[in-house]
Amino acid sequence: MDGSSGHGGRDGGRTGDMLLRNYKLGKRLGFGASATVKLAEHVLTGLKVAIKIINKHEIRKIKDMEEKVRREMKIAKLLVHPHIVRLYEVIETSTDIFLVLEYAESGELFDYIVYKNRLNENEARSLFQQIISGVEYCHRNMVVHRDLKPENLLLDSKYHVKIADFGFSNILRDGRFLKTSCGSPSYAAPEILFGKLYAGPEVDVWSCGVILYALLCGKLPFDEGNISDFYRKIKHGIYNLPMSLPPGARDLIRRILVVDPTRRMTIPQIRQHPWFKAHLPCYLTVPPLEANQLAKKIDEQILQVVINMGFDRNQLIQSLFNRVHNEATVAYYLLLDYQYRGSSGYLKAEFQASMESGINQMHQSEPIPRYMNYQGIGQIPQLPQERKWSLGLQFQANPREIMTDVLKALQELRVGWKRIGHYNMKCRWIPGIYGHNSHHLEDDDSNIMESDDAAMKASNVVKFEVQLYKTREEKNLLDLQRVQGPQFLFLDLCAAILAQLRVL
Ligand code: ATP
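Only a predicted model underlies this, so the values are computations on that prediction, with no experimental measurement involved.

Chemist: What should I look at first to understand the site of the ligand in this one?
Modeler: Not every one of the 17 residues close to the ligand is listed here, only the nearest: Ala33, Lys52, Glu102, Ala104 and Glu108. In the model, an oxygen atom of the ligand is placed 3.2 Å from a nitrogen or oxygen of the Ala35 main chain. At a separation of 3.0 Å, an oxygen atom of the ligand approaches a polar side-chain atom of Asp165. Put simply, the parts of the chain that give the shell around the ligand at least two residues each are β1 (23-31) and β3 (47-55).

Chemist: So what exactly am I meant to see when it comes to the packing of aromatic side chains here?
Modeler: To describe a pair of aromatic rings, one takes the distance between the centres and the angle between the planes. Under the criterion given, the structure shown has nine aromatic pairs. Summarising the aromatic geometry, the rings of Phe222 and Tyr239 are spaced 5.6 Å apart at their centres and angled 70° between planes, so their arrangement reads as edge-to-face. In this pair, Phe222 sits in the loop between α7 (201-217) and α8 (227-236) while Tyr239 sits in the loop between α8 and α9 (247-256), placing the two residues 17 residues apart along the sequence. On the basis of an interplanar angle of 85° and a centroid distance of 5.2 Å, the ring pair of Tyr332 and Tyr333 is categorised as edge-to-face. As far as the burial class goes, Tyr332 and Tyr333 line up, both buried. An aromatic cluster is present here, built from Trp206, Tyr213, Phe222 and Tyr239 joined pairwise through their rings.

Chemist: Is there a simple way to explain the sheet that holds strand β2 (residues 36-42) in this structure?
Modeler: Pairing in this open sheet of five strands is antiparallel, and the strands run β1-β2-β3-β5-β4 from one edge to the other. Because the sheet does not close on itself, it has two edges, and the strands there are β1 and β4 (87-92). For this sheet, the mean inter-axis angle between neighbouring strands, taken without regard to orientation, is 25°. Bridge count between β1 and β2: six bridges; the pairing is antiparallel. Paired with Lys24 across the two strands is Glu41, which belongs to β2. Most of the contacts of helix α3 (residues 65-78) go to β4, to which it runs at about 145°, and overall it touches β3, β4 and β5 (96-102).

Chemist: Even after reading the chapter, I still don't get the pattern of salt bridges, so can you show me in this structure?
Modeler: For side chains bearing opposite charge, pairing can occur when the charged atoms are close. By the definition in use, this model includes 14 salt bridges. Residues Glu123 and Lys116 are paired through a salt bridge, measuring 3.0 Å at the closest nitrogen-oxygen approach. By relative accessible area, which is 36% here, Lys116 ends up partly exposed. Through salt bridges with shared partners, a single network forms among Lys56, Arg70 and Glu92.

Chemist: Even after reading the chapter, I still don't get the packing of helix α5 (residues 121-140) against α7, so can you show me in this structure?
Modeler: Their axes nearest at 10 Å, the elements α5 and α7 cross at an angle of 165°. Relative to α7, the element α5 lies roughly antiparallel. The handedness of the crossing between α5 and α7 is right-handed. Residues Glu121, Ala124, Leu127, Phe128, Ile131, Ile132, Val135 and His139 of α5 form the contact with α7, whose participating residues are Pro201, Asp204, Cys208, Ile211, Leu212, Leu215 and Leu216.

Chemist: Would you mind going over the pairing of β2 with me for this structure?
Modeler: Successive residues of a regular strand alternate their side chains across the two faces of the sheet. Where β1 folds back on β2, the antiparallel hairpin that results is connected by four residues. In terms of strand pairing, β2 meets β3 through seven bridges, oriented antiparallel. Looking across to β3, one finds that Leu39 is bridged to Ala50. Between β2 and β3, which follow one another and run antiparallel, lie four residues, and Gly46 among them has a positive phi close to 75°.

Rules behind the numbers
- Residues numbered from 1 in each chain as written.
- Predicted model: local features only at pLDDT ≥ 70, side-chain atom pairs only at ≥ 80, totals over all residues.
- Heavy atoms only, no water.
- Near = heavy atom within 4 Å.
- Polar contact = N/O pair within 3.5 Å; in protein donor to acceptor, adjacent residues only side chain to side chain.
- Helix = DSSP H or I, 4+ residues; strand = E, 2+ residues; numbered from the N terminus.
- Phe/Tyr/Trp six-rings, centres within 6.5 Å; stacked < 30°, edge-to-face > 60°.
- Buried < 20%, exposed > 50% of the residue type's maximum accessible area, 1.4 Å probe, protein only.
- Pairing = 2+ DSSP bridges.
- Axes fitted to C-alpha atoms, helices over the stretch in contact; angles between N-to-C directions.
- Contact = heavy atoms within 4.5 Å.
- Salt bridge = Lys/Arg side-chain N within 4 Å of Asp/Glu carboxyl O.
- Parallel < 35°, antiparallel > 145°, perpendicular 65-115°, else oblique.
- Left-handed = near helix turned anticlockwise from the far one by under 90°.

These results come straight from atomic positions and should not be treated as a statement about function.
Right under this line is the structure:
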């Protein structure tokens, strides 16, 4: 299987049939001027996505709306950043456009501020740092958002910011100024409201200042009560800075909400501000890789998982490298993002380190890189074979039944586990201390990997992951991957699990 659909048309030829085959549509998450957004399950991986459904007939009725939608599609595809909603693919039928997006589980930042009334300094700073990093990335890629507001800043399951809705955004061209008036007046820079020319990034900076104010104060600096008063206040930059604001934040807001765009702080200057720099997480101190560089960094383990689903290795690598959206790459990126989110250290620093140390312990003389760098298509190197012990079992039953059987088997063998997804678990088995039938930790025991110091020190602890995948042939593939521990014990355990599942 080559990962492309074989149909003609836009975006690799996705059709309505493909949508129904690849996604199970669920509840409505929200709706806007141009679209309805629904929750959906990506069938191959079982992971959740948000699908923005845009009716072509409806958008043609609204002036400029089709252009806005097409612009959003084009721009969102360019951007790959931990704080920007990822666009996985676009499926177009004769009547609708479906944007398959990263699912931001915790909703809009707007509702979160309303719920909390206002955020404490540290939380506000952390969200602001994420927003600035995402906006900075857009600007570096010559994209200006132009409609930044808490309604367009979504939150994922861990309350990390995901910048969304690039419908008003535009691509910057050197030396050219923009004039379009767009965005919500409360967050719009004075030069936008008063129809002046603007270069671009400075209008996003203004909106970030308004957002920072809203995060810390739970209200807007410029409120839309009396319209003429409202415009007058923005024009002259008149707003009230509560005394309760932390001094550093007060200073920063004052330097951002400057009416003259040439005197307004820039993002590099915001980055140097002491209040911004405090508690800045490591991953936000360095610029993320550009999307085309990122495309060359292929995660070998996830690649293998997608290949196990029935896709061709070389085709998949080529598609990733060329940033083509097709069934295989969508599965790859969904799994990759899921893994990022699953790790407690954002950008999986922690997860990666633990995985690599596990692998390196196994192959001390010959560490296996988790990421492979591909320097150019046409000279794709042969990837080294995955050397972790793995076992793939194919089942035809439904995934829930399989997981129930697997859990029963693990329980029977006194294997401890911790769920990290519906069909994914981290497991630990300690034969030396407890024997095959001795130790079981509860399903939701979050200490499984850290608890029991004595046991952790034992040299024969076997740590492994269990993941159930759907393959293209409508089968389910059970994958057992050793993370740490003696290989022979892991094999021993696999044999015991197979016996429990009555496969042996
Ligand atoms: P607008 O009227 O602002 O132009 P729109 O038609 O472009 O809106 P969106 O704002 O993109 O639509 O989405 C509408 C709502 O759907 C959002 O406010 C949000 O609540 C929800 N939503 C959108 N994208 C996602 C996502 N990726 N994850 C979760 N919910 C989402």
